[in-house]
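The chain contents come next:
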Amino acid sequence: MRRATSAFGIALALVAAGCAKPPAGVPEGCAYGVVDLHVDLPFQVHYRGRSPDLSQPGSDVTTASLRAGCVQLVVLSLFLPTGLRPRPHSLDELLAVLATGEAIVAANPLLTLSPGSGVSVVFSLEGSQAVAARPDLIPSLVQRRVLLFGLVHAHHNDLADSSSDPHPGRGGLTPAGERFVDAVYRAGALVDLSHASDEAFEDVARIAHQWGRPLVATHSNARAITPHRRNLTDAQLRTIASSGGIVGLAFHSPFLRHDRKQATANQVAGHARHLMEVMGPSHVAIGSDLDGLIHHAAGLESHQGIAALISALHRQGIDGEPLHALLRDNALRVLAPLGRRSRRR
Ligand SMILES: [Zn+2]
């Protein structure tokens, strides 16, 4: 396997190495640092009129809430809504949303695409239909810091089946999906399993194993606690753990409790406890889904609520190094090597 390390990968690795002993390297004035694996801010700016200037209020994410939450790195997801006309998921549309993501970074001095100070930003795709027929474009997206590729959103597409689509599936990855997943790993990026069907999960896990890559589900919780198809079974959690991967805890109430009521920070912590029991302490992370039109868990309407979540995690007995691992270090471990290319398995 040949690898060329990107400058970005090296920089992230340095951030990770410098932070091996928490709380070293955390944001100024903070006792901890946070990585959030899934935030839908570009959707708010591109489609819902939110100002890219985060010093202004307008959505879950603001400069003040990022600072108050001690956020160190955030993965901004690039999401194309259904029902777009005339060309629902065109490449042009995706590139326009990516440009919006980059414009958000440019508009806010706190944000940076070069890790080291401020809040580092990388991008993910939430659904890859727009590039389903163009896996050759993946390396150019990786160059622009798109490091995680979710295959689907709420509907089956040309690559894979979705966990949320009521129509009968086709059994996981399509042949184009298999080629796409290969291309993602070849480009040094990772597949995001959140939203994939159980069958697609199995198919991606098989290919990731061949490449020796960690499995990632950026915003999904435990199905054993809340039986929602967007959540992960214990068997899936064990598969992720054995790959060295991570699961990001989401703050969306329906993934946290099944009675349609608003969830609490205690319930997020309960899911964290379960994930840690099944996977061990090195595989749990945060993937809030803030700005994704979620039904927020109470008190977790922004990153400012992370402090309350930490109190809830303390009550679950999660403290010290496992706590710092959950908040930041597990995610940095998985994200740091990304962007290095390998030409073959
Ligand atoms: Zn999502």
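These lines cover the structure that appears in this document, whether it is placed above or below.

What counts, and where the lines are drawn
Residues numbered from 1 in each chain as written. Predicted model: local features only at pLDDT ≥ 70, side-chain atom pairs only at ≥ 80, totals over all residues. Heavy atoms only, no water. Helix = DSSP H or I, 4+ residues; strand = E, 2+ residues; numbered from the N terminus. Rg over C-alpha atoms; globule rule 2.2 N^0.38 Å. Buried < 20%, exposed > 50% of the residue type's maximum accessible area, 1.4 Å probe, protein only. Contact = heavy atoms within 4.5 Å. Phe/Tyr/Trp six-rings, centres within 6.5 Å; stacked < 30°, edge-to-face > 60°. Donors = N, O, S within 2.8 Å, 3.2 Å for Na, K, Ca; no water. Expected span 1.5 Å × (residues − 1). Pairing = 2+ DSSP bridges. Right-handed = clockwise from strand over helix to strand, strands pointing away.

This part takes up the overall build of the protein. Of the regular secondary structure elements, the protein holds 11 helices and 11 strands. The C-alpha radius of gyration computed for the protein amounts to 18 Å, which stays within 12% of the reference 20 Å derived for 345 residues, consistent with globular compactness. When its C-alpha atoms are laid out on the principal axes, the protein stretches across 45 × 45 × 40 Å. Residues counted as buried form 58% of the 345 residues belonging to the protein. Partitioning the intrachain contacts of the protein with sequence separation of at least 6 by distance along the chain shows that 74% fall at a separation of at least 24.

Time to look at the packing of aromatic side chains. Given two aromatic rings, one states the distance between the centres and the angle between the planes to describe the pair. Scanning the entire structure with this criterion turns up four aromatic pairs. Between phenylalanine 149 and phenylalanine 180, the aromatic rings sit 6.2 Å apart at their centres with planes inclined by 70°, giving edge-to-face as the arrangement. Residue phenylalanine 149 is located in strand 6 (residues 146–150), and its partner phenylalanine 180 is located in helix 6 (residues 175–186); the two are separated by 31 residues in the primary sequence. Note on accessibility: phenylalanine 149 and phenylalanine 180 belong to one class, buried. Taken together, a centroid distance of 6.5 Å and an interplanar angle of 45° make the contact between tyrosine 185 and tryptophan 211 tilted. Residue tyrosine 185 is found in helix 6, and its partner tryptophan 211 is found in helix 7 (residues 198–211); the two are separated by 26 residues along the sequence. The exposure class of tyrosine 185 is buried, given its relative accessible area of 0%. Tryptophan 211 gets classed as buried once you look at its relative accessible area, which sits at 2%. By the ring-pair criterion, three or more aromatic residues cluster together here, those being Phe43, Tyr47 and Phe79.

Around the zinc ion, the donor atoms from the protein are Glu126 (OE), His195 (NE2) and His219 (NE2), and they sit 1.9 to 2.1 Å away. In primary-sequence terms, the residues that donate to the zinc ion follow E-x68-H-x23-H. Here glutamate 126, found in strand 5 (residues 119–126), pairs with histidine 219, found in the loop between strand 8 (216–217) and helix 8 (234–242); they are 93 residues apart in sequence, far enough to count as distant.

Turning next to helix 6. The first and last C-alpha atoms of helix 6 sit 17 Å apart over 12 residues, in line with the 16 Å expected at 1.5 Å per residue. Listed in full, the buried residues belonging to helix 6 are Gly177, Phe180, Val181, Asp182, Ala183, Val184 and Tyr185. Backbone geometry just after helix 6 places glycine 188 at a positive phi near 85°.

Here we come to the pairing of strand 6. In terms of burial, strand 6 is largely enclosed, as five of its five residues are buried. In the sheet, strand 5 pairs with strand 6 via four bridges, with the strands oriented parallel. Directly across from leucine 125, in strand 6, lies its bridge partner phenylalanine 149. What joins strand 5 to strand 6 is helix 5 (residues 138–143), and the crossover it makes is right-handed. The pairing of strand 6 with strand 7 (residues 190–192) spans three bridges and is parallel. Directly across from glycine 150, in strand 7, lies its bridge partner aspartate 192. Considered for its hand, the β-α-β crossover made up of strand 6, helix 6 and strand 7 is right-handed.

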